[in-house]
Amino acid sequence: AATRGVFTTLTASYFEVTNDLTVSGNLNVVGNINSIEKTVTTLEIVDKLILAASGANSSDSDTGGLQIGGYNGTDNVASVLYDHSNAALDFNIGGTTEIRLEDGKLLPQTDSDVDLGSSTLQFKDVHADAGYIDAITVTGTSTLSRYLY
């Protein structure tokens, strides 16, 4: 028997809403929030912080992060995941780590595998304090100053 109305307190072992639910005030959830809706395409969070693995230690947070597409654990997706062994964020495409951000370093996962820009989409300027370039090809009109070895 369904009951309708305004409740000050509602205790139930199971509660199902089959239409819209509007909460005025705070919504405090003790336990898990499970989404079974497969048609919703957007979760919009305005001006708030999302915590992944809140309260967990570093090793328990391993592979926590944001996955776009697929299902939990599938590799045909894009993701940004925490990598405990490197204390880093891994940027993954199709299940493969392409770029790793760790303390003071932005690194490709595999040597000589990731391009920075392309022949049609180039970075405007590169500013570096010091560095090493393994090889360079100059095309077009270029001005090089300082010493070339």
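As the structure is a prediction and not an experimental result, all values here were calculated from the model.

### Remarks on the overall build of the protein
Working step 1: Within the protein one finds zero helices and five strands.
Working step 2: Along the protein, helices and strands appear, N-terminal first, in the series β-β-β-β-β.
Working step 3: A fraction of 3% describes how many contacts in the protein between residues 6 or more apart in sequence connect residues 24 or more apart.
Working step 4: Surface accessibility of the protein: about 14,600 Å² in total, with carbon and sulfur atoms responsible for 51%.

### A look at the side chain of E102
Working step 1: Following the sequence through the fold, E102 ends up in strand 4 (residues 96-102).
Working step 2: Here E102 is in contact with N86, A87, A88 and L107, once residues within four sequence places are set aside.

### Observations concerning a nonpolar patch on the surface
Working step 1: A surface patch of nonpolar side chains, about 780 Å² in accessible area, is lined by F7, L10, F15, V17, L21, V23, L27 and V29.
Working step 2: Note on placement: V17 falls in the segment before strand 1 (65-68).

### Digging into the sheet that holds strand 3 (residues 88-93)
Working step 1: With antiparallel pairing, five strands are arranged side by side in an open sheet as 1-2-3-4-5. Edge positions in the sheet fall to strand 1 and strand 5 (105-108), since each has one partner strand and no second. Averaged over all neighbouring strand pairs, the angle between strand axes comes to 20°, with direction disregarded.

### Quick look at the side chain of D83
Working step 1: For D83, the location among the structural elements is in strand 2 (residues 78-83).
Working step 2: Those residues in contact with D83, other than ones at most four positions away along the chain, are D62, A88, D90 and R100.

### Concerning unusual backbone geometry
Working step 1: The phi torsion at A87 lies on the positive side, around 45°, for a residue other than glycine.
Working step 2: In this structure, A87 sits in the loop between strand 2 and strand 3.
Working step 3: Residues other than glycine seldom take positive phi values, yet S112 does so here, at roughly 55°.
Working step 4: Note on placement: S112 falls in the segment after strand 5.
Working step 5: In this structure S112 comes out as exposed when scored by relative accessible area, which is 73%.

Thresholds applied
- Residues numbered from 1 in each chain as written.
- Predicted model: local features only at pLDDT ≥ 70, side-chain atom pairs only at ≥ 80, totals over all residues.
- Heavy atoms only, no water.
- Helix = DSSP H or I, 4+ residues; strand = E, 2+ residues; numbered from the N terminus.
- Contact = heavy atoms within 4.5 Å.
- Areas by Shrake-Rupley, 256 points an atom, 1.4 Å probe, with all protein chains shown as cover.
- Patch = residues over 30% accessible without salt bridge, like charges linked within 9 Å, V, L, I, M, F, W, Y side chains within 5 Å.
- Salt bridge = Lys/Arg side-chain N within 4 Å of Asp/Glu carboxyl O.
- Pairing = 2+ DSSP bridges.
- Axes fitted to C-alpha atoms, helices over the stretch in contact; angles between N-to-C directions.
- Buried < 20%, exposed > 50% of the residue type's maximum accessible area, 1.4 Å probe, protein only.

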